[in-house]
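# Close look at the chain arrangement
Each chain is listed here by its residues.
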Amino acid sequence: MTPSADHGLDVAAIKRDFPLLSRSCHDNPIVYLDSAATSQKPRVVLDSMTEYYETINANVHRGAYQIADLASRKMEAARANLADFIGAPDTREVVFTRNATESVNLVAFTWGRANLHDGDAIVLTELEHHANIVPWQMLAAERDIELRWIPVDAEGHLDLTDLERLLDGAKLLAFSAMSNVLGTLTPVRFLSDAAHAAGATVLVDASQYVPHLPTDVAALGCDFLVFTGHKMCGPTGVGVLWARAELLEAMPPFNGGGAMILKVTKEGFTTNEIPWKFEAGTPAIAEIIGLGAAVDYLRDIGMDAVRAHEVSLTAYALRTLTERHGDRITIHGPSEPASRGGVLSFEFGDIHPHDVSQVLDQKGVCVRAGHHCAKPLMAIMGVNATSRASLYLYNDESDVDQLSAALDDAADMFAI
Amino acid sequence: MPGLEDLYREIILDHYRNPRNRGELETPPAHRAEGFNPLCGDEVVVYVDVDDDGVIQDIRIGGQGCSISQSSASMMSAAVKGKTVEEARALTRAFKAMMSIHENELGGDPDEPVEIPEGVTLGDLEALRGVVKFPVRIKCATLSWNTLSSGLDAVSV
Ligand SMILES: Cc1ncc(COP(=O)(O)O)c(C=O)c1O
């Protein structure tokens, strides 16, 4: 294994923290390059969930007995931990959802329905994942709401030439902090400020950002931030919505049921305080605790170190793949590693991405093929599908080398 | 490449590289049907021209996709051209039966024979048999056949 050179991450040791990374696929050691879809989970996360089930499993917020109290406290400690991880000033600002998709839908359903009316406009970008498109289209279809799109340029950056005009009169700007297709990092602070100056509220889809970069909601300047646990070493089934407390206070509730109420009579109900107002029913207790453990794990390693590692590994990958494969590889997205994350969408000769990933799979190399839930962006790129390799803290130069070598097999197989 | 020789047979790659009956037909008289694989974004367009005697006089394939979906479409076009609608439907059933071997292995009785309708020979299409070992790709192989079926349904009404 290549020792990690200049960024202080002991990747060999990190790999050993992730049980799955010791398995093989088709008799080759696994080379996992699909963390943009979901990350692998370190043993501490798995252990934290097992420990919950084995020692304090009880429903939260409702029991007076010891383990119910322990479970509730453990879950609320995870909430405080998440708040700290993203620089939220108030723990009550962290709402647990099922995933980033549900977080966006929550905002569209509650804030959106209370604040967006006929004739209003929502500004999105052409980089968005379907999770940050379809909920707004659903709302727009219900009311007479205009959707406007900030375009992307040829390198995959947002083209902000017309920003002022696009924001004029808009009520909401909703955009991704990092593209899950091109890796593009967007100017979150700049866009937030511009939107606020125009009187618009700002939602940031940070699903690909929080797992990879130090995050501070105050510095980002947005009003809503959504992300998903399973892409940041946490389990599936838990996501986060962060919003400023006064926004959450003013929003109507989302799902109705237990835990989100203070009082219910036959005549009606009063809602609970934030954040529980938005958390009807039994939450994903074990998963929330697991996400808390994931945050501990990432914090111990250090998000600055994670980011530095990914920048240098992305630079290595861009260089290695281009040098070895020359004209037959086209890597989409920004060419400058500092302005992007480690998501590499590429085309390889005229081999269809499905075939590329099939051949790579035979060598244990896991990459995604398809439209990556961003069809409008794919249409603009003029492709139906790409292959996508995405990097995380447990990847190293040898993983990139394996990818590069397996691409030679694909070239042989399809004679390009 | 070891492990993939069952999938990427030479004849499959040949049809992928040199697709038969690519193009369009004028509609009408031909019928046009579209099929999509939402998973990977593959799309196939099938044009069929059926005469008054129910014979497929001509067929053309458009769209784009992976080697399996494209070669399957190409082989299909060669196999059904000149056949009657009924024969094409029988061939479709036979092909789908071949593709469902895997489901039998997973769910039902593994020894249960795959039912290929009597009197139907798959010919070159047998080369796609290896796809069943790669369940994810079965949808690629059947895309053009499903599209042909909906095209023929439109002809029959
Ligand atoms: C940018 C972006 N937004 C939203 C999502 C949706 O995440 P989830 O499926 O966990 O809701 C993803 C992940 O696929 C993503 O990459």
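Just so it is clear, the model here is predicted, and its values are computed rather than measured. (Residues numbered from 1 in each chain as written. Chains lettered and ligands numbered in written order. Predicted model: local features only at pLDDT ≥ 70, side-chain atom pairs only at ≥ 80, totals over all residues. Heavy atoms only, no water.)

### Re the overall build of chain A
The condition that has to hold: The way it works is that DSSP assigns letters per residue, a run of H or I at least four long becomes a helix, a run of E at least two long becomes a strand, and they are numbered from the N terminus. Our radius of gyration looks at C-alpha atoms and nothing else; its globule reference is 2.2 Å times the residue count to the power 0.38. To sort residues, take the accessible area from a 1.4 Å probe on protein chains only and compare it with the maximum for the residue type: under 20% means buried, over 50% means exposed, and anything in between is partly exposed. Pairs of residues are marked as contacts when any of their non-hydrogen atoms sit within 4.5 Å. Each accessible area value is a Shrake-Rupley result obtained with a 1.4 Å probe; residue values ignore everything except the protein chains displayed when judging cover.
A count of helices and strands for chain A gives 14 helices and 17 strands. Taken over the C-alpha trace, chain A has a radius of gyration of 22 Å; the compact-globule value for 416 residues is 22 Å, and the two agree within 12%. Across the 416 residues of chain A, 58% fall into the buried class. In chain A, the proportion of contacts linking residues at least 24 apart, taken out of those at least 6 apart, comes to 71%. Carbon and sulfur atoms form 51% of the exposed surface of chain A, whose accessible area is close to 16100 Å².

### Examining the sheet that holds strand S16 (residues 368–370) of chain A
Residue and element names in this part refer to chain A. Put simply, the rule reads: Each pair of strands is called paired provided DSSP finds at least two bridges between the two strands. In this description, a line fitted to the C-alpha atoms serves as the axis of each element, helices being fitted only across the stretch in contact, and the angle between N-to-C directions of two axes falls anywhere from 0 to 180 degrees.
The antiparallel open sheet is built from 4 strands, whose spatial order is S13-S14-S17-S16. Two strands bound the open sheet, and with one partner strand each, they are strand S13 (329–331) and S16. Each strand axis lies, on average, 30° off the axis of its neighbour in the sheet, ignoring direction. Pairing analysis gives 3 bridges linking S13 to strand S14 (residues 343–348), with the strands arranged antiparallel. Residue pairing across strands places isoleucine 329 opposite phenylalanine 348, the latter belonging to S14. Lying on the sheet, helix H14 (residues 397–413) is in contact with S13, S14 and strand S17 (386–390); it crosses S14 at an angle near 20°.

### Thoughts on the domain arrangement of chain A
Quite often, the size of an interface is put as the accessible area lost when its parts meet. Residues and elements named next belong to chain A. Basically, it comes down to this: In this entry, domain limits derive from an automatic or database-based domain assignment. A simple way to read buried area is as the amount of 1.4 Å-probe accessible surface that goes missing from two parts once joined, with both sides added. Basic side-chain nitrogens of Lys or Arg form a salt bridge, by our definition, when they fall within 4 Å of a carboxyl oxygen of Asp or Glu. We define a polar contact as two N or O atoms separated by no more than 3.5 Å, with the added condition that, inside protein, one atom must be a possible hydrogen donor and the other a possible acceptor, whereas residues neighbouring each other in sequence contribute only through side-chain atom pairs.
Domain boundaries in chain A define domain 1 (11–32 + 302–413) and domain 2 (46–300). The distance between the C-alpha centroids of domain 1 and domain 2 comes to 28 Å. Each partner contributes residues to the interface: domain 1 has 35 residues there, and domain 2 has 31 residues. Roughly 2600 Å² is buried in total at the junction of domain 1 and domain 2, and carbon and sulfur atoms are behind 63% of that figure. It is Met303, Leu377 and Tyr392 in domain 1 that bury the most area against domain 2; as a group they hold 25% of the surface buried on that side. For the pair domain 1 and domain 2, the number of links is 0 salt bridges. Across the domain 1-domain 2 interface, the total number found is 15 residue pairs in polar contact (both at pLDDT 80 or more). Counting residues per element, the ones that place at least two in the side of domain 1 that touches domain 2 are helix H1 (11–17), helix H11 (303–325), S14 and helix H13 (375–381).

### Some remarks on helix H4 (residues 100–115) of chain A
Residue and element names in this part refer to chain A. Our working rule: What a helix is expected to span follows from its residue count: subtract one and scale by 1.5 Å. To get the bend at a given residue, fit one axis to the seven residues ending there, fit another to the seven starting there, and take the angle between those axes.
The terminal C-alpha atoms of H4, which comprises 16 residues, lie 21 Å apart, in line with the 22 Å expected from a rise of 1.5 Å per residue. Along its length, H4 shows its largest kink, about 25°, at alanine 108. Among the residues of H4, Ala100, Glu102, Ser103, Val104, Leu106, Val107, Ala108, Thr110, Trp111 and Gly112 are the ones counted as buried. Sitting at the amino-terminal end of H4 is asparagine 99, which places a side-chain oxygen 3.2 Å from the backbone nitrogen of threonine 101.

### Brief notes about the site of the ligand
Residue and element names in this part refer to chain A. Put simply, the test is: Whether a residue is near a molecule or strand is decided by its heavy atoms; if any one of them lies within 4 Å of it, the residue is near. Under the scheme applied here, ten amino acids are nonpolar (Ala, Val, Leu, Ile, Met, Phe, Trp, Tyr, Cys and Pro), four are charged (Asp, Glu, Lys and Arg), and all others, including Gly, are polar.
The full set of residues close to the ligand is Asn99, Ala100, Thr101, His129, Ala131, Asn180, Asp205, Ser207, Gln208, Thr228, His230 and Lys231. Between histidine 230 and the ligand, the recorded distance is 2.7 Å, taken from a side-chain N or O atom to an oxygen atom. Bound to the protein, the ligand loses 87% of the 400 Å² it would expose on its own. Here the shell around the ligand is composed, by residue class, of 2 nonpolar, 8 polar and 2 charged.

### Brief notes about the pairing of S14 of chain A
All names here are of chain A. Buried residues dominate S14, accounting for 5 of its 6 residues. In the sheet, S14 pairs with S17 via 4 bridges, with the strands oriented antiparallel. Paired with serine 345 across the bridge in S17 is arginine 388.

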